[in-house]
Amino acid sequence: MKLRDVFQRVSQSPTNPHATPAPRAFDVADLYRGPVSEASAATGASDQPLNEKLRQAYFWIVNTAIISPHYDIEYNDESPQSFVLGDSKSRLTLPSAQSYSSFVLLPILTFAARRKCLFIGGPGRGKTASAILMGVLAGYPVREVRRAMQHGHPQMTIADLLGNPLPADLVNAQRIEDIRISWRAWLGMRVKIIDEYNRIPTRTQSALLTVMGDNYAEILNHVYECPESAWFLTANDDQGGGTYQVIEALCDRIDVVVQALSFNSRFLDDLLARIEENVRPEEAVPSQIIFSEAELDGMQEEIRAVEIPSEIRRRIEFFSSQFEFCEVAADQFEYKTKDTARLAGVEWGALTGRDTGRDRLKDLGCQTMNGLSVRVLMTLLVYAKAIAYFRGDGVVSLEDVRQVLPFVLHEKLVADTDAPFFDVPENARFRSDRVGWLRRLFDLACAEYDRLNLDRDDPLGELNAEFERGLEGVTQTEARARLARIERLIAEWAKGRKLYGHLYDDLLKLKYLHQRYTNYLRWLQTT
Amino acid sequence: MISESFADILRADRDEYNRRFVEARLRYPALTGETFGDFLLRVADGVVAAVCSVRPERGREVASTLYDAALELVGQNLVGASSRNPHIEEGWRTVLPAAAIHLAEAPGRVAAAVSNALHHLTVTPDTRPDQWIRVLALPAAACPDVDTFLRAGQVAAWTSGLAHYRPDALAILDTLPDPVAAAVLDAPSGTDMKELRGLLRDDPWYDPSHPEGGGASAGSGIRVARRAGAFRGFGGLFTEPPRVAAQGNELFVASGGECWLLTADAFGATFHRHGQEGFDTAKQGIMLPASLSVTGSRVRFDGTALDLGQWGSITSSAVAGRTLAVTSSLSHSVTLIALP
């Protein structure tokens, strides 16, 4: 251990204190904890919770490493102060609870949950620097992180990315299995960084897809199994020439997208200090915030253990059910989806032109050109748990979901900017503000959920709960009664109600329940 | 004038030390070379010299560790010419040289422990950091190892006013060699340490430095053992005269919508912020023993009486173990009465 690390310190006090009662039992060991950190702390021996350490890492980065004064992930304990400014009535809100900078928080959550984060934004805004910091947090020396970082470029080959067969073996080997491969070191790291991934040629992108998607690399029938890791990719849209279209499957593997916001000129002093004092933050990361492999494993388990209450799950279900449904895409009920139309290559304008009868301004599904995949929903749940964990909560709140949702869906939910919603003058800005639009979309879905009073009146929820209790002991009479209830509910919904996405999902679920009871009834009758 | 040994060490790793200073400036913008250099010269130099006199081969590592600790302390204005807290600096001058042998063995651990303990004592009202420095410096060299030295420091913190550490400190006391225990307890020479440990365990109001007059059982009557807390305007906690309540052996104090847990014994009294529910729950179970009565401003116990009229009429009272806590209408303090 380097001695200079001994007293590099991070916040000793709780970074997000909760109003827990003071302990009645005191520990005399606390006497020796305080403003001066002791050598043993630098060895990683620490009894603090991992989420506290994660917050310390976040605050160290925000306060020391990255000059990022944007607190765009806003939490409020009470009504926040807000001000309206300018001709366009821009609203500035001063959050009343601990709020965060997405540019630092999302990478930290990605690091903790071992997912994949894409930094976007113009050149020189700290995208690569942030990614390097994540590597250092995982315990790698800065030099190693820099060397392991893969820089996308138009000549990048699969060998550049994954490794080479040993030349001597290529000459002498009698069988392909005898050819040994020199794998690239980055494949074995717990933090993987791909800089400017949109400059990687398409063929090499496919090799990258295998590593990102399936966590292994393959050359000449030899397979390298990669450890579980967090991925950080950067894309520079302003690069000009030399960029490639990123294959869709690769885009789909990215879990969150975070934008590097512009530099605030009021922080020029900090830049000047760094030049004059020749200090690079990534080289001065305090050892107290560096995570061991075991800690990373433990943190992932703790994140998974965070609870998502059923009422929050229902709102996520309701939100996600809005988008896939497309009434005119097919004849058979199950195929009435945007994906059906997309696979058939139907022109989008023609499709929406035929979609009549519904209020296209009110229908949230009309704002998007696609629906949400299973992978996206799983990612949303993971990040909702991760942010709750980061904040020291054991249970996900609605605000947690609301805050992470735009970053998860950023590249996944494609806006139909020709939709009537965007023609409303106050919504026009959402054509360029994807984060704001997604958050608004979630808010609108929640408002609709409340209007329908689904928290209290959810007949399908009751039927589902009944089914979840199991079929053991259910008599023929009872099964028939349940089938009748399902049919009655569908008939009721069919009376003059227009079809919306959430109803479509509910109806398919009712069909599923109906089928399960039908099969069960048949089984009862034959035994 | 800086000692030659320290000057040599700093000179040998000059670039590294300069780099650390620059790094620390990023964390502590108010850190100045002048203040930091002054602290190294006036204080750290003496500590390094003390270590070099007993373990010269450890001088370099100790100096490096102290340098970093000093950066943290000066950076946070906890020591140095402009600091309002003289005790940490005094601890460096007195305790660290006295414990040079332990500092040489585990520099980071010992330097941080001494600094943090003094910080802890300094920020806790009504404690005696100067006592901690005095009683720990005496037996430091006699402690056989670093762990014993640090355990002695924990007991000394209790006797210097951190009453909430009483249970832990009593347990640690049993593990200390008798001469070390006697020194940190400030016990008169010739004290029977086994008996003393028993007295301390049995009676929270027993004071070993005053074996004749201390203790709840001293004499047959009741006595005011301590007054704790004060008006916020005078640096205390309370915005209005407090009320007390007890639950089991715990005392709760409420004032102005806030609540604290109060720990108290012969060595001190400390308040710990607590949820209001602590006081509310305790209040419901409030009950004095039959032998004890509180009326007006008087407390009666087994035929003896105490008049607390100077602080007004008694507004609340509670018993926890051998302590009666009372509050009065004209006072922002809690009066703690030792019960026999």
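Treat the numbers as computed from the prediction; the structure is a model and nothing was measured.

Participant: Mind showing me how you'd approach the overall build of chain A here?
Facilitator: A tally of helices and strands in chain A yields 21 helices and eleven strands. Classification of the 527 residues of chain A by burial places 48% in the buried group. Long-range pairs, those at least 24 residues apart, make up 77% of the contacts in chain A between residues at least 6 apart in sequence. For chain A, the exposed surface amounts to about 25700 Å²; the carbon and sulfur share of it is 50%.

Participant: Explain the overall build of chain B to me, please; I cannot follow it from the model alone.
Facilitator: Each helix and strand in chain B was counted, giving 13 helices and eleven strands. Split into buried and exposed, the 340 residues of chain B put 54% on the buried side. Residue pairs in contact within chain B that sit at least 24 positions apart in sequence constitute 59% of those at least 6 positions apart.

Participant: How should the interface of chain A and chain B be read in this particular structure?
Facilitator: Many authors give the size of an interface as the accessible area that is lost as the parts come together. In this assembly, 25 residues from chain A lie in contact with 46 residues from chain B. Overall, the association of chain A and chain B removes approximately 3200 Å² of surface from exposure, summing both partners, and the carbon and sulfur fraction of that is 63%. Across the contact surface, chain A and chain B share zero salt bridges. Taken together, chain A and chain B are joined by seven residue pairs in polar contact (both at pLDDT 80 or more). Of the residues that constitute the side of chain A that touches chain B, the class distribution is 14 nonpolar, three polar and eight charged.

Participant: Please explain a nonpolar patch on the surface as it appears in this structure.
Facilitator: Residue and element names in this part refer to chain A. Side chains of Phe83, Leu85, Leu92 and Leu94 sit close together on the surface and give an oily, nonpolar patch of about 350 Å² of accessible area. The set of elements that each furnish at least two residues to the nonpolar patch consists of β1 (81–85) and β2 (90–94). Looking at the element boundaries, Leu85 is found in strand β1.

Participant: Mind showing me how you'd approach the packing of aromatic side chains here?
Facilitator: Describing an aromatic ring pair means giving the distance of the ring centres and the angle of the ring planes. Residue and element names in this part refer to chain A. A complete count under the given rule lists 29 aromatic pairs over all chains for this structure. Measuring from ring centre to ring centre gives 6.0 Å for Tyr75 and Tyr100, while their planes differ by 80°; the resulting arrangement is edge-to-face. Taken together, the residues Tyr75 in the loop between α2 (50–65) and β1 and Tyr100 in the loop between β2 and α3 (102–113) connect sequence positions 25 residues apart. The two residues Tyr75 and Tyr100 agree in class, both being buried.

Participant: What am I meant to see in the confidence of the model for chain B here?
Facilitator: As a general rule, the predicted coordinates of low-pLDDT regions are not to be interpreted in detail. Residue and element names in this part refer to chain B. Across chain B, the average pLDDT comes to 89, with 96% of residues at or above 70. Per-element averaging of pLDDT across chain B places helix α13 (residues 276–284) at the bottom with 78 and helix α9 (residues 146–159) at the top with 96. Both confidence scores are given for the complex: pTM 0.66, ipTM 0.87.

Participant: Which parts of the structure should I look at to understand the nonpolar core?
Facilitator: The nonpolar side chains of soluble globular proteins are, as a tendency, buried together. Core analysis: the largest hydrophobic core is formed by 116 residues, its most contacted members being Ile61, Ile108, Phe111, Tyr197, Phe232 and Met299 of chain A. Filtering out sequence-adjacent residues up to four positions away, Phe111 of chain A remains in contact with Leu54, Met134, Leu137, Ala138, Val191, Ala230, Phe232, Phe291, Leu296 and Met299 of chain A.

Participant: What's the story with the sheet that holds strand β3 (residues 116–120) of chain A in this structure? I'm lost.
Facilitator: In sheet architecture, strand pairing relies on hydrogen bonds along the backbone and comes in two forms, parallel and antiparallel. Residues and elements named next belong to chain A. On the basis of which strands lie adjacent, the open sheet formed by five strands has the order β4-β7-β10-β3-β11 and parallel pairing. The sheet is open, and its two edges are formed by β4 (150–151) and β11 (256–259), each paired on a single side. As judged from the five bridges shared by β3 and strand β10 (residues 230–235), these two strands associate in the parallel manner. When the bridges of β10 are listed, Ile120 appears paired with Ala235.

Participant: Could you clarify how one ought to interpret helix α4 (residues 127–137) of chain A in this entry?
Facilitator: Side chains of residues three or four places apart in an α-helix project in the same direction, reflecting 3.6 residues per turn. Residue and element names in this part refer to chain A. Burial analysis of α4 places nine of its eleven residues in the buried class, which makes it a mostly covered element. Every buried residue belonging to α4 is among Lys127, Ser130, Ala131, Ile132, Leu133, Met134, Gly135, Val136 and Leu137, and all of these are buried. Those residues of α4 that are buried lie in contact with α2, α3, β3, α5 (142–148), β7 (191–195) and β10. Note on α4: the residue one or two positions beyond its end, Gly139, has a positive phi of about 100°.

Participant: Help me understand the pattern of salt bridges, please; the structure alone is not making it clear to me.
Facilitator: When charged atoms on two side chains of opposite charge get close, those side chains can pair. Under the criterion given, the structure shown has 46 salt bridges over all chains. The salt bridge partner of Arg434 of chain A is Glu411 of chain A, with a shortest N-O separation of 3.2 Å. You can see Arg434 of chain A sitting in helix α18 (residues 434–451) and its partner Glu411 of chain A sitting in the loop between α16 (398–409) and α17 (420–423), a full 23 residues away along the chain. Relative accessible area serves as the criterion here: at 36%, Arg434 of chain A is assigned to the partly exposed category. We note a salt bridge from Asp8 of chain B to Arg11 of chain B, for which the minimum N-O separation is 2.9 Å. Residue Asp8 of chain B and its partner Arg11 of chain B are located together in helix α1 (residues 4–12), separated by three residues, close to a single helical turn. What makes Asp8 of chain B partly exposed here is its relative accessible area of 38%. You can call Arg11 of chain B exposed: its relative accessible area is 55%.

Participant: Can you help me understand unusual backbone geometry in this one?
Facilitator: Most of the time, phi is negative for any residue but glycine, and the peptide bond is trans. The backbone phi angle of Leu220 of chain A is positive, close to 50°, even though this residue is not glycine. Structurally, the position occupied by Leu220 of chain A is in the loop between β8 (216–219) and β9 (222–225). Although it is not a glycine, Asp186 of chain B adopts a positive phi angle of roughly 60°. Within the secondary structure, Asp186 of chain B sits in the loop between α11 (178–185) and α12 (193–202). Residue classification places Asp186 of chain B among the partly exposed positions, given a relative accessible area of 33%.

Participant: What should I look at first to understand the side chain of Ser102 of chain A in this one?
Facilitator: Residues and elements named next belong to chain A. If you trace the backbone, Ser102 turns up in helix α3. Ser102 sits in the buried class, given a relative accessible area of 2%. Within the structure, Ser102 has its side chain in polar contact with the side chain of Asp72 (distance 2.6 Å). With near-sequence residues (within four places) excluded, Ser102 lies in contact with Asp72, Ile73, Pro107, Val258 and Phe407.

Participant: Even after reading the chapter, I still don't get the packing of helix α3 (residues 33–54) of chain B against helix α4 (residues 59–75) of chain B, so can you show me in this structure?
Facilitator: Pairs of packed helices are described in terms of their axes, by the angle between the two and the distance that separates them. Residue and element names in this part refer to chain B. Following both chains from N to C, one finds α3 and α4 inclined at 150°, their axes separated by 10 Å at the closest point. For the pair α3 and α4, the sense of crossing is right-handed. Touching Thr35, Phe36, Phe39, Leu40, Val47, Val48, Val51 and Cys52 of α3 are Gly59, Val62, Ala63, Leu66, Tyr67, Ala70, Leu71 and Val74, all from α4. Residue composition of the contact of α3 with α4, by class: 14 nonpolar, two polar and no charged.

Participant: Where do I start with the side chain of Asp400 of chain A in this structure?
Facilitator: Tracing the chain through its elements places Asp400 of chain A in helix α16. Here Asp400 of chain A is in contact with Tyr75, Ala384, Ile387, Ala388, Arg391 and Val395 of chain A, once residues within four sequence places are set aside.

About the thresholds
Position numbers for residues count from 1 along each chain, tracking the sequence in the order it is written. All chains are assigned letters beginning with A, and all ligands numbers beginning with 1, in the order in which they are written. Residue-level local features of this predicted model are given only where pLDDT is at least 70; pairs of side-chain atoms are given and counted only at 80 or more, and the full residue set underlies all totals for whole chains, interfaces and linings. To obtain the side-chain values, all non-hydrogen atoms of the structure were included, while hydrogens and water were left out. The helix and strand labels rest on DSSP assignments: H or I over at least four residues marks a helix, E over at least two residues marks a strand, and numbering proceeds from the N terminus. The buried label applies to any residue whose accessible area, calculated with a 1.4 Å probe on protein chains only, is under 20% of its type's maximum; exposed applies above 50%, and partly exposed to all values in between. Should any heavy atoms of two residues lie within 4.5 Å, those residues are considered in contact. Calculation of accessible area relied on Shrake-Rupley with a 1.4 Å probe; when residues are assessed, cover is drawn exclusively from the protein chains displayed. By definition, the buried area sums, over both parts, the 1.4 Å-probe accessible area that each loses when the two are put together. What makes a salt bridge here is a side-chain nitrogen of Lys or Arg within 4 Å of a carboxyl oxygen of Asp or Glu, nothing more. Side-chain atoms alone can form a polar contact between residues adjacent in sequence; in general such a contact is a pair of N or O atoms within 3.5 Å, and within protein one must be able to donate a hydrogen while the other accepts it. Each residue gets one of three labels, nonpolar for Ala, Val, Leu, Ile, Met, Phe, Trp, Tyr, Cys and Pro, charged for Asp, Glu, Lys and Arg, and polar for the others, Gly among them. Two distance rules govern patches: like charges are joined within 9 Å, and nonpolar side chains (Val, Leu, Ile, Met, Phe, Trp, Tyr) within 5 Å, applied only to residues with over 30% relative accessible area and no salt bridge. Geometry of aromatic contacts follows a simple scheme: Phe, Tyr and Trp rings, the Trp one being its six-membered ring, pair when their centres are within 6.5 Å, and the pair is stacked under 30 degrees between planes, edge-to-face over 60, tilted otherwise. As a per-residue measure, pLDDT tells how confident the predictor is, with possible values from 0 to 100. Within this scheme, the nonpolar core is defined by two criteria: the residues are buried Ala, Val, Leu, Ile, Met, Phe, Trp, Tyr or Cys, and they are joined through side-chain atoms within 4.5 Å. In short, DSSP must find at least two bridges between two strands for them to pair. Between the N-to-C directions of two axes lies an angle of 0 to 180 degrees, each axis being a line fitted to C-alpha atoms and, for a helix, fitted only over the stretch in contact. By definition, any crossing whose near helix is turned counterclockwise from its far helix by less than a right angle is left-handed, and any crossing with a clockwise turn is right-handed.

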